[in-house]
Amino acid sequence: MQDEGRSVLDRFRQGDVDAFETLFHTHQRSVFGWVLRIVRDPGAAEDVTVEAFWRMHRAHARFDSAREFEPWARRVATHAALDWLRRQKPECSAAPEMWVNVAAPSTGDAAVAAEIRRKTAQAFQRLPAKLRVAALLAVVEDRPHKQIAEALGITVAAVKLRVFRALRLLRKDLQRQGITP
């Protein structure tokens, strides 16, 4: 099986379409799940996943077949998702269901909690795309810093710095909106 997997990766690197299709079918769900964590919109995640696999297909010659496919695919997909996020208007709303499970201060008032979630979502959308992705994956999705670093093509220290900056900007934005985080 290991040799068979290497063979598919070697054939993919050489531009074999059947090998690409095999990799697509094997990794499509996990890449889609990864992209969905970043863009927070199932329809957009489908489009970004297709774009990511198209980029992988075009970049087949740059793939190192001695390495695993999944981390490389995740990195390509992350860049496609970042490009999608950059094209969005800062005030476009994130999927409301994203914020349903995010804890709001227990005020006893559901309307106040909903308003806090809405303002938090707006503040998140105003973050620069690179900071937003790092914070989404680290804070909301609770993904390991190492996995985020691999996907973004940066160091773990850079991930921590981006998350720190994102949280600092979120805190300032929420304070401007009258919410004390």
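Structure shown above.
Asker: Hey, could you run me through the packing of helix α4 (residues 69–87) against helix α6 (residues 129–140) in this one?
Answerer: When two helices pack together, their arrangement is given by the angle between the helix axes and the distance between those axes. One way to put it is that α4 packs onto α6 with a least axis distance of 9 Å and a crossing angle of 125 degrees. Taken as axis vectors, α4 and α6 run oblique relative to one another. You can see that α4 and α6 cross each other, and the crossing is right-handed. Across the interface between the two elements, L82, L85 and R86 from α4 touch A129, K130, R132 and V133 from α6. Looking at the contact of α4 with α6, its residues break down into four nonpolar, no polar and three charged.

Asker: What am I meant to see in the packing of aromatic side chains here?
Answerer: In total, this model carries nine aromatic pairs according to the counting rule given. Taken together, a centroid distance of 6.1 Å and an interplanar angle of 20 degrees make the contact between F12 and F20 stacked. Judged by its relative accessible area of 1%, F12 falls in the buried class. The class for F20 is buried, based on a relative accessible area of 14%. Here the aromatic rings of F12 and F63 are separated by 5.7 Å at their centres, their planes lie at 65 degrees, and the arrangement is edge-to-face. Of this pair, F12 sits in helix α1 (residues 2–13) while F63 sits in the loop between α3 (42–58) and α4; the two residues are 51 residues apart in sequence, bridging distant segments of the chain. Of the two residues examined, F12 and F63, each falls in the buried class. Each residue in the set F12, F20, F24, F53, F63, F69 and W72 is aromatic and connected to the rest through ring pairs, giving one cluster.

Criteria and thresholds
Residues numbered from 1 in each chain as written. Predicted model: local features only at pLDDT ≥ 70, side-chain atom pairs only at ≥ 80, totals over all residues. Heavy atoms only, no water. Axes fitted to C-alpha atoms, helices over the stretch in contact; angles between N-to-C directions. Helix = DSSP H or I, 4+ residues; strand = E, 2+ residues; numbered from the N terminus. Parallel < 35°, antiparallel > 145°, perpendicular 65-115°, else oblique. Left-handed = near helix turned anticlockwise from the far one by under 90°. Contact = heavy atoms within 4.5 Å. Nonpolar A, V, L, I, M, F, W, Y, C, P; charged D, E, K, R; others polar. Phe/Tyr/Trp six-rings, centres within 6.5 Å; stacked < 30°, edge-to-face > 60°. Buried < 20%, exposed > 50% of the residue type's maximum accessible area, 1.4 Å probe, protein only.

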